[in-house]
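Residues per chain are reported as follows:
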Amino acid sequence: MKTMERVDKILAHPEFQVYMRRIREQERTRVFCLHGIEHSLDVARIGYIKNLEQGLSLRQDVIYAMALLHDIGRCEEYASGKSHHEAGAELARPILLACGYTEHECAEICDAIGRHKAPSEQARSLATLLYDADKRAAVRHVPVVEVYETVLLHVTHPFIQIKMLYASGVER
């Protein structure tokens, strides 16, 4: 099987497509932090780069599968209030199995999805990779707002930090 063939199967999977469509519909009035395919692909690319940089030797198609599926639980969270981490792990399993992932890969990917709310205690784990990539991908969508040409508010994610820069460029 080609390296990314299983990922292509996820993208074509009818349930995956339904979940992504539901998320897009449920988030249509949101301005920031959308959880569609663009975000998932950002997470996948960042995760794969981090994998290479850290020498983790994780398979590219495992990282992409995890990233594509990590937020599919959002549709359940919006509908019922159930944690998207927990719901996502449950929804991802049958998709992964149908697309040719092994029981071991499913367990590892679903564990990472279920725990991506907080950093893992295992620094070199799939769960930590997902947490880091997800947070880094979210930063790309956080705006820098200029207020009355004198104060610049710079909001970063996941830890909100406000820096006030005056016209002179001095941080206060």
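Residues numbered from 1 in each chain as written. Predicted model: local features only at pLDDT ≥ 70, side-chain atom pairs only at ≥ 80, totals over all residues. Heavy atoms only, no water.

Draft legend 1. Inspection of the overall build of the protein chain at higher detail. What the protein chain contains, in helices and strands, is 8 helices and 3 strands. For the protein chain, the succession of helices and strands along the chain, N to C, is α-α-α-α-α-α-α-α-β-β-β. Expressed as a percentage of the 172 residues in the protein chain, the buried residues total 39%. Sequence separation of 24 or more characterises 54% of the internal contacts of the protein chain that already satisfy a separation of 6 or more. Accessible surface for the protein chain amounts to roughly 9800 Å². Of this, 55% is attributable to carbon and sulfur atoms. (Helix = DSSP H or I, 4+ residues; strand = E, 2+ residues; numbered from the N terminus. Buried < 20%, exposed > 50% of the residue type's maximum accessible area, 1.4 Å probe, protein only. Contact = heavy atoms within 4.5 Å. Areas by Shrake-Rupley, 256 points an atom, 1.4 Å probe, with all protein chains shown as cover.)

Draft legend 2. Spatial organisation of the nonpolar core. Ranked by size, the top nonpolar core spans 37 residues in total, and within it Ile 10, Leu 69, Ile 72, Leu 96, Tyr 101 and Ile 109 carry the most contacts. Mapped onto this core, the elements with two or more residues apiece are helix H1 (5-12), helix H2 (14-26), helix H3 (37-54), helix H4 (60-69), helix H6 (84-98), helix H7 (103-114) and helix H8 (126-139). (Core = buried A, V, L, I, M, F, W, Y, C linked by side-chain atoms within 4.5 Å.)

Draft legend 3. View of unusual backbone geometry. Despite not being glycine, Ser 57 shows a phi value in the positive range, around 60°. Topologically, Ser 57 is positioned in the loop between H3 and H4.

Draft legend 4. Spotlight on H3. Between the first and last C-alpha of H3 there are 25 Å, a value that for 18 residues agrees with the 26 Å anticipated at 1.5 Å per step. When we look at burial in H3, the residues that qualify are His 39, Ser 40, Asp 42, Val 43, Ala 44, Gly 47, Lys 50 and Asn 51. Note on H3: the residue one or two positions beyond its end, Gly 55, has a positive phi of about 60°. (Expected span 1.5 Å × (residues − 1).)

Draft legend 5. Representation of the packing of aromatic side chains within the structure. Applying the stated criterion across every chain, the model contains 0 aromatic pairs. Lying across the ring of Tyr 101, Arg 6 places its NZ or CZ 3.9 Å from the centre. (Phe/Tyr/Trp six-rings, centres within 6.5 Å; stacked < 30°, edge-to-face > 60°. Lys NZ or Arg CZ within 6 Å of the ring centre and 35° of its normal.)

Draft legend 6. Examining the confidence of the model for the protein chain more closely. This prediction gives the protein chain a mean pLDDT of 80; 76% of its residues lie at or above 70. Between residues 142-172, whose pLDDT stays under 50, and residues either more than four places distant or in other chains, the model counts 43 contacts. (pLDDT = per-residue confidence, 0-100.)

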